[in-house]
4 protein chains.
Amino acid sequence: MNKNRLEAFSDGVFAIAITLLILNVKVPDKQNINNGQLNHILISAAPKLLSFGFSFLVIGVFWVAHHRIFSFVKVVNTPLLWLNILYLMFIALVPFPASILADNFFLTSTILLYTGTLFTISMLNFSILEYIIKNETLKHEALTKEVYRSVIKTAIIGPVCYVLAAVTCFISVYISLFFMTCALIFYIFFSGNNIMSKILIDVAKEDVG
Amino acid sequence: MNKNRLEAFSDGVFAIAITLLILNVKVPDKQNINNGQLNHILISAAPKLLSFGFSFLVIGVFWVAHHRIFSFVKVVNTPLLWLNILYLMFIALVPFPASILADNFFLTSTILLYTGTLFTISMLNFSILEYIIKNETLKHEALTKEVYRSVIKTAIIGPVCYVLAAVTCFISVYISLFFMTCALIFYIFFSGNNIMSKILIDVAKEDVG
Amino acid sequence: MNKNRLEAFSDGVFAIAITLLILNVKVPDKQNINNGQLNHILISAAPKLLSFGFSFLVIGVFWVAHHRIFSFVKVVNTPLLWLNILYLMFIALVPFPASILADNFFLTSTILLYTGTLFTISMLNFSILEYIIKNETLKHEALTKEVYRSVIKTAIIGPVCYVLAAVTCFISVYISLFFMTCALIFYIFFSGNNIMSKILIDVAKEDVG
Amino acid sequence: MNKNRLEAFSDGVFAIAITLLILNVKVPDKQNINNGQLNHILISAAPKLLSFGFSFLVIGVFWVAHHRIFSFVKVVNTPLLWLNILYLMFIALVPFPASILADNFFLTSTILLYTGTLFTISMLNFSILEYIIKNETLKHEALTKEVYRSVIKTAIIGPVCYVLAAVTCFISVYISLFFMTCALIFYIFFSGNNIMSKILIDVAKEDVG
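Rules behind the numbers
Residues numbered from 1 in each chain as written. Chains lettered and ligands numbered in written order. Predicted model: local features only at pLDDT ≥ 70, side-chain atom pairs only at ≥ 80, totals over all residues. Heavy atoms only, no water. Least-squares fit on C-alpha atoms with pLDDT ≥ 70 in both. Patch = residues over 30% accessible without salt bridge, like charges linked within 9 Å, V, L, I, M, F, W, Y side chains within 5 Å. Areas by Shrake-Rupley, 256 points an atom, 1.4 Å probe, with all protein chains shown as cover. Salt bridge = Lys/Arg side-chain N within 4 Å of Asp/Glu carboxyl O. Helix = DSSP H or I, 4+ residues; strand = E, 2+ residues; numbered from the N terminus. UniProt positions renumbered as here; feature names shortened; annotations may be inferred. Buried < 20%, exposed > 50% of the residue type's maximum accessible area, 1.4 Å probe, protein only. Contact = heavy atoms within 4.5 Å. Expected span 1.5 Å × (residues − 1). Polar contact = N/O pair within 3.5 Å; in protein donor to acceptor, adjacent residues only side chain to side chain. Phe/Tyr/Trp six-rings, centres within 6.5 Å; stacked < 30°, edge-to-face > 60°. Buried area = accessible area lost by both parts, 1.4 Å probe.

You'll find chain A entered in an unreviewed UniProt entry as DUF1211 domain-containing protein, with Mucilaginibacter arboris given as the organism.

**Structural notes on the relation of the copies chain C and chain B**
What connects the two chain copies is a rotation about an axis and a shift along it. With an RMSD of 0.0 Å, the fit of chain C onto chain B corresponds to turning through 90° and sliding 0.0 Å along the axis. Taken together, the rotation and translation relating the two chain copies correspond to the operation of a four-fold axis.

**Description of a nonpolar patch on the surface**
Residues and elements named next belong to chain A. On the surface, a nonpolar cluster with roughly 300 Å² of combined accessible area is contributed by F119, M123, V163 and V167. Among the elements of the structure, α6 (108-134) and α7 (145-168) are those that each provide at least two residues to the nonpolar patch. With respect to the helices and strands, the residue F119 is situated in helix α6.

**Focus: the UniProt feature "transmembrane region" (unreviewed entry) in chain A**
Residues annotated by UniProt as "transmembrane region" (unreviewed entry) correspond here to residues 7-25, 45-65, 72-93, 105-126 and 171-190 of chain A. Each end of residues 7-25 of chain A is marked by a C-alpha atom, and these two atoms are 29 Å apart; helix forms 74% of the span and strand 0%.

**Side note on helix α5 (residues 95-103) of chain C**
The element α5(C) is largely enclosed, with a buried count of nine among its nine residues. When α5(C) is considered as a whole, its buried residues turn out to be C:P95, C:F96, C:P97, C:A98, C:S99, C:I100, C:L101, C:A102 and C:D103. Each element contacted by the buried residues of α5(C) is listed here: α1 (3-20), α3 (46-70), α4 (78-93) and α6 (108-134) of chain C together with α2 (35-44) and α3 (46-70) of chain D.

**Looking at helix α8 (residues 173-190) of chain B**
Because an α-helix completes one turn every 3.6 residues, residues spaced three or four positions apart along the sequence face the same direction. Along its 18 residues, α8(B) runs 25 Å from first to last C-alpha, staying within 8% of the 26 Å computed at 1.5 Å per residue. Residues of α8(B) that are buried make contact with α4 (78-93) of chain A together with α3 (46-70), α6 (108-134) and α7 (145-168) of chain B. The backbone nitrogen of B:Y174 has a side-chain oxygen 3.1 Å away, supplied by the residue at the start of α8(B), namely B:S172.

**Describing the packing of aromatic side chains**
Going through the model one piece at a time under the given rule, you end up with 32 aromatic pairs over all chains. Judged by centre distance (3.9 Å) and plane angle (15°), the rings of C:F9 and D:W63 are stacked. Within this pair, whereas C:F9 is found in helix α1, its partner D:W63 is found in helix α3, the two belonging to separate chains. For C:F9, a relative accessible area of 2% corresponds to the buried category. For D:W63, a relative accessible area of 0% corresponds to the buried category. Three or more aromatic residues joined by ring pairs make a cluster, and in this case those are A:F105, A:F106 and A:Y174.

**Notes on the relation of the copies chain A and chain D**
If you rotate chain A by 90° and push it 0.0 Å along the axis, it lands on chain D with an RMSD of 0.0 Å. Here only 7% of the interface residues in chain A have copies in chain D that are interface residues too; the copies meet through unlike faces.

**Re the interface of chain C and chain B**
Every contact between the two is made by 44 residues of chain C and, on the other side, 36 residues of chain B. In this assembly, chain C packs against chain B so that about 3,500 Å² is buried in total across both faces, 73% of it on carbon and sulfur atoms. Interface area lost by chain C to chain B is led by C:T19, C:W63 and C:H67, which between them contribute 17%. On inspection of chain C and its partner chain B, the count reaches two salt bridges. Notably, a salt bridge pairs B:R5 with C:E7, separated by 3.3 Å at the nearest N-O pair.

This is the structure we're talking about:
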């Protein structure tokens, strides 16, 4: 299996799933209304917009992670191909828990469904990484033991936060949302400073000149 | 016709069709409800999620098959182009029988519609393969008679299972679902071990280094 | 403007528009029904499926034409870029008249809306061709006067059929549908045999070996 | 981060967001009606079609701008990656204000929501440009101070028009729509003549021959 076509297909699924999220931000029949009614409708759409923004960034985080992992892959075999399709299945699923979150931010079941989906995706992330590290024929030489440990350290933060979010939702949904936001902030602001991303920039620079 | 642009367009249609499947997993109006009501809604969404997962893997199987077939194509002519567009038309159609399946898992008509669609796609698969093998100017030299026989052996399993599923749905829908699952499991777990995929990995390795 | 990125973006819009057509094939609430009711629903969905198939092939024709035209372009400038975006706007519009056609096959207004859209797209096709032929800096040397005349001869069939379909819909909608089908059949089965496609295959062969 | 994969992903989001706009052009239940009723439905769909066309061109303008900016990028680092994802989030958001605009063209809240979205996107545009110009390691040598000033001059027109449109909507919505149209016309017809686009065509020509 050609790695480029796998990446192109994966990027397609990511791009569609991330953009379909906006279809959850629907407002009820809006014709022939006045400013006051429209304002009311827009304010009530705020949780939907929040869920859209949050889920967009979440899929963004997974897309960045996917890109990083596959930059360590030299060639794709059938098991890796199917692990990736399973991974994409849960990426494509995200708009569903996101639509539930948009309507019911503060219910335990919502949080469990949402964090459960994210936990599954990050576990599949792990499986893909594990599979690559164990198959010498597939992996790029840049993926040394040292880099792998650094990647794992980064990859563990997400599932831990999602488990904490799932457990604490029985105490308070606010604590859950706090943990989910922590994972997001970590991946966006802090994950870029580790050894892996430095290697990736070096490789990219080599490619350019 | 440039083969790369054909593949990119096909990948686009595959990626969109596979991701649109999630739009079938809609739940009724969900605002201002409690945990119990949400749990009830989520449980009743289970068949929709099952149909989503199944159809996702089915399109995944066809995507992998499409990729493999076109890795044996050197150049695309007009008839092959239109055979491919016809093929993509039925791929794009899949969300429709999948939405029927999501709502009515156990009706004969559902099974006939669903297996009929999959049978048509796998027959078009055959036609494309046949067309390539018969046109020396189009096909890659890697597609020898021996490889072709191996590909055909793999490609025949699907249509046979779909016909069996269609016939047995008049006895019991469970037997039909069993045959449909058989085809899926075969393609995901066993089709990767044949001669063709070994050749493809060799070619991919050559490309890398 | 990089030609490859323009083609990739255009292919994206084509692939999405063509796949979104399936969203028009929606059936009413389908849960907890029996085989007879489902059969009835499926039969009443036939015109929707017909509109889906027809519109899928129509967008397919335009995609093939787009690909052929841009294979004669060496470099893209700003006016050509915006002509192309205008062209894509009408491609993205197709699901709308297609959804009207799906529900009301035999109304004059439906036919006028549908053929009007197709006529506009084919006229934009012409404008793009005209613009390329008149700008020496943009066009590929393979686009000679002779090739251009052949391309124009092919490109004129569509708009002529659409005008005939629009005019005859006041007599009988069946005659309109006949002319629309004529255009489709011509492009799928006969347009591939002209001089242009032969040149394109030659170029593609050169690329390969 | 590989620049090509970032561009491919961005193009995907642009292509999907721009094509999803057509889903806003929905008409009420259309089955079993006559020509008069259909005409009435189509006429009442005119504002939706206008909003579709306008929003399509607006996203088109941002796509062209995105392409131009990233042609000055040599290599992508993590902050630029996340600025781009934030930018894409607002591009994916456009179908929402566009759907509100489709139904309520002449309400102050509609105009504020729509211009607010466009203003945010153009401000993110600025941030990306600023970030690139300040990071010597990322930027292409073609992005000189002179080119940067020319790009900034072009990029300032949009936000100014959107602010004017937002302010004037309290006087008259027609003035707002006039300013929004001004920005569109400027970018489509006049922005292509500046120094930057000349450089880009030179670069593209070099690529070809």
